[in-house]
Amino acid sequence: MKSVVELHNIGMKYQSLNGEIPALKNINLKVREGEFVSTVGPSGCGKSTLLSIVSGLLRPTSGSVLVDGEMVTGPTKKIGYMLQKDHLFDWRTIYQNVLLGLEIQKAVTPEAREYAQRLLKTYGLSEFSHKYPSQLSGGMRQRAALIRTLVTNPQILLLDEAFSALDYQTRLAVNDDIYDIIKKENKTAIMVTHDIAESISMADRVIVLTRRPGAIKSCHNITFSVDKRTPLSSRKMPEFQKYFEQIWKELDVHV
Ligand code: ADP
Ligand code: MG
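Per chain, the residues get numbers from 1 upward, laid out in the order the sequence is written. Whichever chain is written first is A, and whichever ligand is written first is 1; the rest continue in order. This being a predicted model, a pLDDT of at least 70 is required before a residue's local features are given, and a value of 80 or more before pairs of side-chain atoms are given or counted; all residues contribute to the totals for chains, interfaces and linings. Note that the side-chain values use all heavy atoms of the structure and ignore hydrogens as well as water.

Every residue near ligand 1 is listed here: Tyr-14, Ile-21, Ala-23, Pro-42, Ser-43, Gly-44, Cys-45, Gly-46, Lys-47, Ser-48, Thr-49 and Arg-212. The definition of a polar contact used here is a pair of N or O atoms within 3.5 Å, where within protein one atom must be able to donate a hydrogen and the other to accept one, and adjacent residues in sequence count solely through side-chain atom pairs. Here Lys-47 contributes a backbone N or O atom positioned 2.9 Å from an oxygen atom of ligand 1. Between an oxygen atom of ligand 1 and a side-chain N or O atom of Arg-212, the distance comes to 3.2 Å. Taking 570 Å² as the accessible area of ligand 1 by itself, protein coverage stands at 62%. Of all the elements in the fold, those that place two or more residues in the shell around ligand 1 are strand S2 (19-32) and helix H1 (47-55). Secondary structure elements are defined from DSSP: runs of H or I of at least 4 residues count as helices, runs of E of at least 2 residues count as strands, and each element is numbered from the N terminus. With 3 residues, the single largest contributor to the shell around ligand 1 is H1. Residues are classed as near a molecule or strand on a simple rule: at least one heavy atom within 4 Å of it. Here, Shrake-Rupley sampling with a 1.4 Å probe gives the accessible areas, and only protein chains in the shown set may cover a residue.

See below:
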């Protein structure tokens with residue numbers, strides 16, 4: 001299958017008052033169409049930096065990013081970005097929030113409105129479309145944030161610790177929800193997290209990063225002996241523990 005995202009020798013150094021901060025080193029990665037790749041690494045190892053570079057918001061110091069075979073030189077509509085905080089605006093209804101990305105792109109067409117309505121309906125939020133964010137649970141807000149990202153129809157989704165603000169129970173449910181939506185809408189996803197379990201439960205492939213400057217330490221293809229995996233069912237599989245122990249050792253969480 002063809003690669004939709006290719007990273008070639010990405011390196012990143014920040015300039016600060018105390019000198020240079022090397023954040024990423026020699027990152028080479030190809031992500032296939034429809035694949036869910038998760039990158040785990042200790043805090044501060046350069047995960048957010050990596051996603052910002054893929055999104056085109058940040059220029060790497062060295063190397064290049066290709067999306068669909070084209071060099072990324074700035075933000076592209078092919079990419080949707082989801083962050084830890086849902087960034088919903090409290091004074092806009094859910095529906096108005098969902099349309100925000102389209103408004104920014106000046107792309108609010110009748111078809112786009114219809115697509116927004118369909119996504120809200122399919123993913124259980126149509127009853128809440130005229131409510132305000134404060135009237136929704138954390139999990140629903142996160143779903144609304146994902147729908148807002150999907151409405152502009154990006155091919156690739158970037159998720160930066162997108163669930164870490166949620167409590168544990170909600171988080172498990174939202175993992176299942178979001179995974180289901182990403183698969184149904186046939187998106188390619190790159191997620192970064194420091195949570196090993198979340199990573200294994202959602203991804204087709206887990207990439208382990210070293211401490212800063214983040215470099216690729218290892219890659220794991222994640223497969224389970226069930227027909228239709230979900231993040232929650234994956235967590236219960238015997239293979240899960242095996243992957244967890246392996247990645248835990250590699251992550252070297254002890255200082
Ligand atoms: P992670 O997401 O894995 O926690 P980040 O990508 O946010 O890591 O940051 C990687 C390293 O780069 C950290 O040491 C951080 O302090 C540093 N860093 C991030 N952004 C900047 C910046 N704008 N200027 C200087 N240093 C930065
Ligand atoms: Mg981060």
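Moving on, there is more to tell.
For the rest of this paragraph, the subject is the packing of helix H4 (residues 110-122) against helix H5 (residues 138-151). The axes used here are C-alpha line fits, helices contributing only the stretch in contact, and every angle between their N-to-C directions lies in the interval 0 to 180 degrees. Between H4 and H5, the shortest axis-to-axis distance is 10 Å and the interhelical angle comes to 150°. Here H4 is positioned roughly antiparallel relative to H5, judged by the angle of their axes. The crossing of H4 and H5 is right-handed. On H5, the residues that touch Tyr-115, Ala-116, Leu-119 and Leu-120 of H4 are Ile-147, Leu-150 and Val-151. Basically, the charged four are Asp, Glu, Lys and Arg, the nonpolar ten are Ala, Val, Leu, Ile, Met, Phe, Trp, Tyr, Cys and Pro, and anything else, Gly included, counts as polar. A class-by-class count of the residues in the contact of H4 with H5 yields 7 nonpolar, no polar and no charged. Oblique is the label for any angle not covered by the other classes, which are roughly parallel (under 35 degrees), roughly antiparallel (over 145) and roughly perpendicular (65 to 115). Should the near helix be turned counterclockwise from the far one by less than a right angle, the crossing is left-handed, whereas a clockwise turn marks it as right-handed. Contact definition: two residues touch when any of their heavy atoms are within 4.5 Å.

Here we take up the pairing of strand S1 (residues 3-16). Here S1 pairs with S2 via 10 bridges, running antiparallel. The partner of Leu-7 across the bridge, within S2, is Leu-29. When DSSP finds two or more bridges between two strands, those strands count as paired. Hairpin connection, S1 to S2: the antiparallel pair is bridged by 2 residues. In this structure, S1 lies alongside strand S4 (residues 62-67), joined through 5 bridges in antiparallel fashion. Bridge pairing in S4 links His-8 to Ser-64.

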